[in-house]
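The lines below spell out each chain.
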Amino acid sequence: DALPISPVWDDTFSFLVKNPHEETLEMIVIDNGHGILGTMSVPLRDLLNAEGLTMDHWFRLKQSGTDSQVLMRLQLRILSSQHLVPEEDALNVASATLPSKSHPNYADQDLRHRTGYTDGAAGTQESPLGQIHLTIYVLEDEKKLVVVVHACRKLKLPSKEVPDTYVSLILQPDKYRATKKKTAVKKKSANPEFQEKFEWDMPLEEVKKRQLEISIKNGISSFMSRDRDVIGKVYIDLSQADLLNGLNQWFELKEEKGNI
């Protein structure tokens, strides 16, 4: 008989979840080159009924031995705010910190009873260049800055041709551009959806010294000027942001540098 094995990974994975009542986490354990060792499915609605929206125990594997199990911690974490409309709701399934202890029931109530959403641009004059929807927060225990690029809307078209849009992110100051990241290119869209998450290993004290520079660009090269490839920019002073509670809103695009 084959000897039992007990591998240890200690890895963390995050997923954006739009409807925890209907979505399911599927996991497959694979022996590289030798096929499937086991499978597991967890309906995310089970997390909604769990204390603290957290499940932390051994899960039994299917299509495996009778004693095969995997130890996991699953947690729903809020990425939304009062500025989101329901169809733009974004949640995070991760091994992350719980919501603030000063509001122990906030996460449970907010996830189970979603009401009263308004548009994030309400009360402000819309930029003629368009807007970008971002979620920004810090996982303090894990010393990570997380930025989720959700979507852009009403982008100003530089010409009659609809742009191939992508988003570039960088933490300034960054002399060697080591923190630069970018999304995939969305073809022919003035209202592109990205739903991409980016992480930087950086403690909160360092994050507070940075400015997040977001550039929305046209992937179609311009022969006239490189500047015309930039549709708009957003500059966010992270020293002024409440990153532990997080930001989640639509930001107005600008042509010139300005703080938000």
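Residues numbered from 1 in each chain as written. Predicted model: local features only at pLDDT ≥ 70, side-chain atom pairs only at ≥ 80, totals over all residues. Heavy atoms only, no water.

(A) Representation of the overall build of the protein chain within the structure. A count of helical and extended segments in the protein chain gives three helices and 14 strands. Counting the 260 residues in the protein chain, one finds 43% classified as buried. A sequence separation of at least 24 residues applies to 60% of the contacts in the protein chain between residues at least 6 apart. For the protein chain, the exposed surface amounts to about 15,500 Å²; the carbon and sulfur share of it is 50%. (Helix = DSSP H or I, 4+ residues; strand = E, 2+ residues; numbered from the N terminus. Buried < 20%, exposed > 50% of the residue type's maximum accessible area, 1.4 Å probe, protein only. Contact = heavy atoms within 4.5 Å. Areas by Shrake-Rupley, 256 points an atom, 1.4 Å probe, with all protein chains shown as cover.)

(B) Spotlight on the pattern of salt bridges. One pass over the structure, following the stated rule, counts seven salt bridges. The partner of lysine 144 in a salt bridge is glutamate 199, with the nearest N and O atoms 3.6 Å apart. Residue lysine 144 is located in strand 8 (residues 144-153), and its partner glutamate 199 is located in strand 11 (residues 193-201); the two are separated by 55 residues in the primary sequence. Taking the shortest distance from any N to any O, the salt bridge between glutamate 199 and lysine 197 comes out at 3.3 Å. Each of Lys144, Lys197, Glu199 and Asp201 takes part in salt bridges that share partners, so that together they form one network. (Salt bridge = Lys/Arg side-chain N within 4 Å of Asp/Glu carboxyl O.)

(C) Highlighting a nonpolar patch on the surface. A grouping of Ile28, Ile30 and Ile36 is seen on the molecular surface, where their side chains present a nonpolar patch of about 310 Å² in accessible area. Here isoleucine 36 lies in strand 3 (residues 35-43). (Patch = residues over 30% accessible without salt bridge, like charges linked within 9 Å, V, L, I, M, F, W, Y side chains within 5 Å.)

(D) Structural view of the pairing of strand 13 (residues 230-237). Counting buried positions over the eight residues of strand 13 gives six, a clear majority of the element. In the sheet, strand 12 (residues 211-218) pairs with strand 13 via seven bridges, with the strands oriented antiparallel. Paired with serine 215 across the bridge in strand 13 is lysine 233. (Pairing = 2+ DSSP bridges.)

(E) Structural view of the sheet that holds strand 13. With antiparallel pairing, the four strands of this open sheet are ordered in space as 10-9-12-13. Strand pairing shows two members of the sheet lacking a second neighbour, strand 10 (181-182) and strand 13, which therefore form its edges.

(F) Here's a closer look at the pairing of strand 9 (residues 165-172). When you tally the buried positions in strand 9, you get seven out of eight residues, the bulk of the element. As judged from the two bridges shared by strand 9 and strand 10, these two strands associate in the antiparallel manner. Bridging across to strand 10, leucine 169 finds its partner in lysine 181.

(G) How the structure looks around the nonpolar core. By size, the foremost hydrophobic cluster in this structure holds 31 residues, and its most contacted members are Ile132 and Ile136. Contributing elements (two or more residues each) for this core: strand 7 (131-139), strand 8, strand 9, strand 11, helix 3 (204-207), strand 12, strand 13 and strand 14 (247-252). When sequence neighbours within four positions are dropped, the list of residues in contact with isoleucine 136 reads Leu145, Val146, Val147, Leu212, Ile236, Leu238, Leu243, Gly246, Leu247 and Phe251. Within the second largest apolar cluster, 18 residues are counted, among which are Met27, Val42, Leu44 and Phe59. (Core = buried A, V, L, I, M, F, W, Y, C linked by side-chain atoms within 4.5 Å.)

(H) Quick peek at the environment of glutamate 22. As for its position among the elements, glutamate 22 is in the loop between strand 1 (15-17) and strand 2 (24-31). When its relative accessible area of 62% is taken as the criterion, glutamate 22 is described as exposed. Residues glutamate 22 and arginine 45 lie 23 residues apart in sequence; the distance between their C-alpha atoms is 7.0 Å.

(I) View of the packing of aromatic side chains. For the structure shown, the criterion picks out zero aromatic pairs. The aromatic ring of tryptophan 250 is capped on one face by arginine 153, whose charged end is 3.8 Å from the ring centroid. The cationic tip of lysine 182 hangs over the ring face of tyrosine 166; the distance from NZ or CZ to the ring centre is 5.7 Å. (Phe/Tyr/Trp six-rings, centres within 6.5 Å; stacked < 30°, edge-to-face > 60°. Lys NZ or Arg CZ within 6 Å of the ring centre and 35° of its normal.)

(J) Structural detail: unusual backbone geometry. Here the bond from glutamine 172 into proline 173 is cis, since omega is 0°, no more than 30 degrees from zero. Locating proline 173 in the fold gives a position in the loop between strand 9 and strand 10. For leucine 53, which is not glycine, the phi torsion reads 55° and is therefore positive. Turning to its location among the elements, leucine 53 is positioned in the loop between helix 1 (45-48) and strand 4 (54-60). Phi is positive for lysine 143, which is not a glycine, with a value near 55°. In this structure, lysine 143 sits in the loop between strand 7 and strand 8.

(K) Representation of the side chain of glutamine 75. When you line up the elements, glutamine 75 lands in strand 5 (residues 69-78). Among the polar contacts listed, one links the side chain of glutamine 75 to the side chain of threonine 54, at a separation of 3.2 Å. (Polar contact = N/O pair within 3.5 Å; in protein donor to acceptor, adjacent residues only side chain to side chain.)

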